[in-house]
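This is what each chain is made of:
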Amino acid sequence: MSWVLASPIIIPFATAVLAFLFRAGPEGRWISVLGSAALLAASAILMVEVLDQGVIAAQMGEWAAPFGITLVADLLSAVMVVITGITGLAVSVYALADIEDRKEKLGYHALFQVLLAGVCGAFLTGDIFNLYVWFEVMLIASFGLLILGGQKIQLDGGIKYVTLNLVSTILFLSGVGLLYGMTGTLNMADLHGAVREVENQGLLTVIAVMFMIAFGVKAAVFPLFFWLPASYHTPAISVSAIFAGLLTKVGVYALIRTFTLIFTTDVPYTHTILLWVAGFTMVTGVLGAAAMNDMRRILSFHIVSQIGYMILGLALYTPLAIVGAVFYLVHHIIVKANLFLVAGVAQRIAGSTDLDRIGGLYRYAPFLGLLFLIPAFSLAGFPPLSGFWAKYVLVKASLDAESYIIAAAALVVGLLTIYSMTKIWGYAFWKPHPAGVEPRLSRLSPRDRAALLTPIASLAVLTCIIGFFPEPFVQFAERSAAQLLDPTDYIVAVLGEAAVPAAPTGLAQLEATE
Amino acid sequence: MELLIAIMVGVLVAASVYLMLARNVLRFLFGLILISNAANLIIFASGRLTPESPPLIPAGADAPVELVANALPQALVLTAIVIGFGLFAFALTLVYRTYQNLGTLNSDEMRLAEPEETGK
């Protein structure tokens, strides 16, 4: 049982060590691909277990909860790990053609695998301090990937990314310290009960807002997102894609986890803040994108805007809204990573991602045009692609909750997303290339073409599957939302039956003796 | 004792915010180091301060016989110090490399990744 939970963390770490040892030769990149495939397999096994048995938990080193570190997987954790496996595999195949030898020798593949391990660890841990540690693992790997190669523009973006993320980390750490001081526990399932027994509920809300800001920086919400558009367009395309797909979503996951499991003592206050944040995030993100003129920078701003939708689902805090948030999270990771991968191919064959300097892609590479249209339309929410269902559920949830303004904002932002996508289409695909280059896919070597286009096509097919057959995915999201809103299963899995009326632990005992 | 530590945390945070508001990236980094130490002190103080009672169990006993200091926050602080040390070593190298490459430490002049609009 414990192996099922631990393997999505152990496999990438082991792969990282091997890939680092073989970084000088071509073996390293294949080790990375194999490791990612193994991660996907492990995550699939985990998913089957969770679907079969409900929430599963394991105590590391046999130290009983709430004292030891617990790994927990409920449906949300499991699906996030599966998506990590899928994007990890897609990007590691893409990297075969995208990452040059120089960066491989610097240890690209090892850092990439450490990043995957950190992301999986953050999804699976059931201990809030351990969550901090996984954030750090993820962060240090992402620092390395971001500035790998050391171009001036990367260093410039890196400074902003590193400094602002460190600030958020320190806030998170202080929040953990204060929360421990008030409750005497770090186990998230135990915290669910412990926060309800805290006398000073006002101070607890202050801590909740500290966590909100700390995770908000990671998730890139308004007004804390400035590091994202400053840095995401600077590294290699593979790095941009995995960052765009996974990193901010870890922040969203942490927000969903803590604000459904722990900080639900003052929902009207905290979730109203989240609602405003969600609205402003959607609108500022999409307006920022409209002002940009580079494919990757447009897409970076769209990450911000889409994060708003997920936060919206959490903020409304109704069963249907949480369903929407979970569905959106899954759909968005696939679509966003894919759009960055498409931008990378456009850069390879047309020479740039700056919209003024490229063109003619539709005429000379119509297949790439098709591969762009699927995720782009899905992002904007065209039926019957996956984004339509995600947006539909969220807008329905906000209308049900009588939040008409936010529903209107969500719809208008969808419209503006179409504007940005049309802009990319018009400039990069329709208009002739300004330098008269013919950007054909045949300019790539057959090997590169296979490595670049297979992941894009696979992710596009996945988007179509979610779009054409949304029923099982929505049902899954419904089950997952039910687990999030009623964490009894989660607590029983971690602490056992006896724990449901939470017993005083740690500090509470200490204070009772004083 | 708690009061003293609380004041110290306050002073550290105030000084670090002052440093972090500077345009010079190196100053920002120093501010970050100060505030991370403030965070460590917060964790340490949240675990309650019990002076002169080390968390030791006498030979032969299964549990501490009298009230002892909470060892968990100390473990957390140790972890945070180690992680923080690694991150700041990285950040300092990054700042140095940036200074070598861009020739400036002023964050207002770092506009390569986000060039100013030309008014097109």
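Residues numbered from 1 in each chain as written. Chains lettered and ligands numbered in written order. Predicted model: local features only at pLDDT ≥ 70, side-chain atom pairs only at ≥ 80, totals over all residues.

Novice: Please clarify how the overall build of chain A should be interpreted in this entry.
Specialist: Along its length, chain A carries 22 helices and 2 strands. Relative to the 2.2 N^0.38 estimate, which gives 24 Å for 514 residues, the radius of gyration of chain A is 22 Å and therefore close to what a compact globule would have. Over its C-alpha atoms, taken along the principal directions, chain A stretches across nearly 80 × 55 × 40 Å. Every one of the 514 residues in chain A was classed for burial, and the buried ones make up 64%. Long-range pairs, those at least 24 residues apart, make up 79% of the contacts in chain A between residues at least 6 apart in sequence. (Helix = DSSP H or I, 4+ residues; strand = E, 2+ residues; numbered from the N terminus. Rg over C-alpha atoms; globule rule 2.2 N^0.38 Å. Buried ≥ 20, exposed ≤ 12 C-beta atoms within 10 Å, placed from the backbone. Contact = placed C-beta atoms within 7 Å.)

Novice: Explain the overall build of chain B here, please?
Specialist: Within chain B one finds 3 helices and 0 strands. Along chain B, helices (α) and strands (β) appear in the sequence α-α-α when read from the amino end. Over its C-alpha trace chain B gives a radius of gyration of 21 Å, far above what one expects of a compact globule, namely 14 Å for 120 residues. A principal-axis box enclosing the C-alpha atoms of chain B has dimensions of 75 × 30 × 25 Å. By the burial criterion, 30% of the 120 residues in chain B qualify as buried.

Novice: Where do I start with the UniProt feature "domain: NADH:quinone oxidoreductase/Mrp antiporter transmembrane" (unreviewed entry) in chain A in this structure?
Specialist: Look at the UniProt record and you will see "domain: NADH:quinone oxidoreductase/Mrp antiporter transmembrane" (unreviewed entry) annotated at residues 127-417 of chain A. The span residues 127-417 of chain A carries 81% helix and 0% strand; its end-to-end C-alpha distance comes to 38 Å. (UniProt positions renumbered as here; feature names shortened; annotations may be inferred.)

Novice: Can you help me understand unusual backbone geometry in this one?
Specialist: It is generally the case that most residues other than glycine have a negative phi and that most peptide bonds are trans. Residue F222(A) is joined to P223(A) through a cis peptide bond whose omega torsion reads -5 degrees. Among the structural elements, P223(A) can be located in the loop between α9 (201-219) and α10 (227-231). Of note in this structure, Y317(A) is not a glycine but carries a positive phi near 55 degrees. Assignment of secondary structure puts Y317(A) in the loop between α13 (295-316) and α14 (319-350). Under the C-beta neighbour-count criterion, Y317(A) is labelled buried, with 23 such atoms within 10 Å. Positive phi, close to 70 degrees, is recorded for R48(B), a residue that is not glycine. With respect to the secondary-structure elements, R48(B) resides in the loop between α2 (25-46) and α3 (71-102). On the basis of neighbour count, R48(B) is assigned to the partly exposed category, with 17 C-beta atoms found within 10 Å.

Novice: Sorry if this is basic, but what is going on with the interface of chain B and chain A here?
Specialist: The accessible area lost on association of the parts is a frequent measure of interface size. Each partner contributes to the interface: chain B provides 29 residues, whereas chain A provides 30 residues. Counting residues per element, the ones that place at least two in the side of chain B that touches chain A are α2 and α3 of chain B. Residue composition of the side of chain B that touches chain A, grouped by class: 19 nonpolar, 7 polar and 3 charged. (Nonpolar A, V, L, I, M, F, W, Y, C, P; charged D, E, K, R; others polar.)

Novice: Before we go on, may I ask you to explain the UniProt feature "transmembrane region" (unreviewed entry) in chain B in this structure?
Specialist: Residue and element names in this part refer to chain B. Here, UniProt's "transmembrane region" (unreviewed entry) annotation points to residues 6-21, 28-46 and 75-96. Between the C-alpha atoms that bound residues 6-21 the distance is 23 Å, and the span itself is 94% helix and 0% strand. The annotated region residues 75-96 carries 100% helix and 0% strand content, and the separation between its end C-alpha atoms amounts to 32 Å.

Novice: Help me understand the environment of W227(A) in this model?
Specialist: All names here are of chain A. If you trace the backbone, W227 turns up in helix α10. Judged by local crowding, W227 falls into the buried class, with 22 C-beta atoms found within 10 Å. Separated by 247 residues in sequence, W227 and V474 place their C-alpha atoms 33 Å apart. Non-local contacts of W227, meaning those with residues more than four positions away in its chain, are made with K160, Y161, L164 and N165.

Novice: I would appreciate a short explanation of α2(B) in the present structure.
Specialist: Side chains of residues three or four places apart in an α-helix project in the same direction, reflecting 3.6 residues per turn. Under the 1.5 Å per step criterion, the end-to-end length of α2(B) is 31 Å for 22 residues, consistent within 8% with the ideal 32 Å. Remark: R48(B) follows α2(B) within two positions and exhibits a positive phi of approximately 70 degrees. (Expected span 1.5 Å × (residues − 1).)

Novice: How should the nonpolar core be read in this particular structure?
Specialist: One broad trend across soluble globular proteins is that nonpolar side chains are buried collectively. Formed by 240 residues in total, the largest nonpolar core has its most connected members in I311(A), A337(A) and A346(A). Among all residues touching I311(A), those that are not within four sequence positions of it are V221(A), L255(A), L274(A), V277(A), A278(A) and T281(A). (Core = buried A, V, L, I, M, F, W, Y, C linked by C-beta atoms within 7 Å.)

Novice: Would you mind going over the packing of helix α1 (residues 2-21) of chain A against helix α5 (residues 108-124) of chain A with me for this structure?
Specialist: The geometry of a pair of packed helices is captured by two quantities: the angle between their axes and the separation between those axes. Residues and elements named next belong to chain A. At a closest axis distance of 8 Å, the pairing of α1 and α5 adopts a crossing angle of 165 degrees. By the criterion of interaxial angle, the relationship of α1 to α5 is roughly antiparallel. For the element pair α1 and α5, the recorded crossing hand is left-handed. Side by side, α1 and α5 meet where L5, P8, I9, P12, F13, T15, A16, A19 and F20 of the first sit next to H109, A110, Q113, V114, L116, A117, C120, G121 and L124 of the second. Per-class residue counts for the contact of α1 with α5 are 14 nonpolar, 4 polar and no charged. (Axes fitted to C-alpha atoms, helices over the stretch in contact; angles between N-to-C directions. Parallel < 35°, antiparallel > 145°, perpendicular 65-115°, else oblique. Left-handed = near helix turned anticlockwise from the far one by under 90°.)

Novice: Would you take a moment to explain α3(B) for this structure?
Specialist: Here α3(B) is 32 residues long and its end C-alpha atoms lie 46 Å apart, about the 46 Å a rise of 1.5 Å per residue gives. Every buried residue belonging to α3(B) is among P73(B), L76(B), V77(B), A80(B), I83(B), G84(B), L87(B), A91(B), L94(B), V95(B) and T98(B), and all of these are buried. In the core, the buried residues of α3(B) are packed alongside α6 (128-147) and α7 (152-183) of chain A together with α2 of chain B.

Novice: Mind showing me how you'd approach the packing of helix α12 (residues 267-291) of chain A against α13(A) here?
Specialist: All names here are of chain A. Where α12 meets α13, the axes come as close as 7 Å, and the angle between the chain directions of the two elements is 160 degrees. Between α12 and α13, the angle falls in the class roughly antiparallel. When you trace α12 past α13, the crossing you get is left-handed. Taken together, the residues of α13 that come into contact with α12 (itself represented by H271, L274, L275, V277, A278, G279, T281, M282, G285, V286, G288 and A289) are I298, F301, H302, V304, S305, I307, G308, Y309, I311, L312, L314 and A315. Of the residues assigned to the contact of α12 with α13, the class counts are 16 nonpolar, 8 polar and no charged.

Novice: Would you explain the confidence of the model for chain B in this entry?
Specialist: One rule of thumb: low pLDDT means the predicted coordinates there are not for detailed reading. All names here are of chain B. Here chain B shows a mean pLDDT of 87. Residues at 70 or above account for 97%. Of all secondary-structure elements in chain B, the lowest mean pLDDT belongs to α3, at 90, while helix α1 (residues 2-20) reaches the highest, 93. Our summary of model confidence lists the complex with pTM equal to 0.92 and ipTM equal to 0.92. (pLDDT = per-residue confidence, 0-100.)

Novice: Teacher, can you tell me more about the environment of D266(A) here?
Specialist: Residues and elements named next belong to chain A. On the secondary structure map, D266 appears in the loop between α11 (237-261) and α12. Classification of D266 as partly exposed rests on a count of 14 C-beta atoms within 10 Å. Through-space distance from the C-alpha of D266 to that of A208 is 9.4 Å; in sequence the pair is 58 residues apart. In this structure D266 touches Q201 and T205, once residues within four positions along its chain are discounted.

Novice: Looking at this structure, how should I read the confidence of the model for chain A?
Specialist: All names here are of chain A. Averaged over every residue, the pLDDT of chain A is 88; the share at 70 or more is 96%. The secondary structure element of chain A with the lowest average pLDDT is helix α22 (residues 507-513), at 48, and the one with the highest is α5, at 94. Under a pLDDT of 50 for its full length, residues 502-510 has, in the predicted model, 14 contacts with residues more than four places off or in other chains.

Novice: Looking at this structure, how should I read the environment of R449(A)?
Specialist: Residue and element names in this part refer to chain A. Here R449 lies in helix α19 (residues 446-468). The exposure class of R449 is partly exposed, given the 17 C-beta atoms found within 10 Å. Residues R449 and A97, spaced 352 residues apart in sequence, show a C-alpha to C-alpha distance of 8.0 Å. If near-sequence neighbours (up to four positions away) are discounted, R449 is found in contact with L441 and L444.

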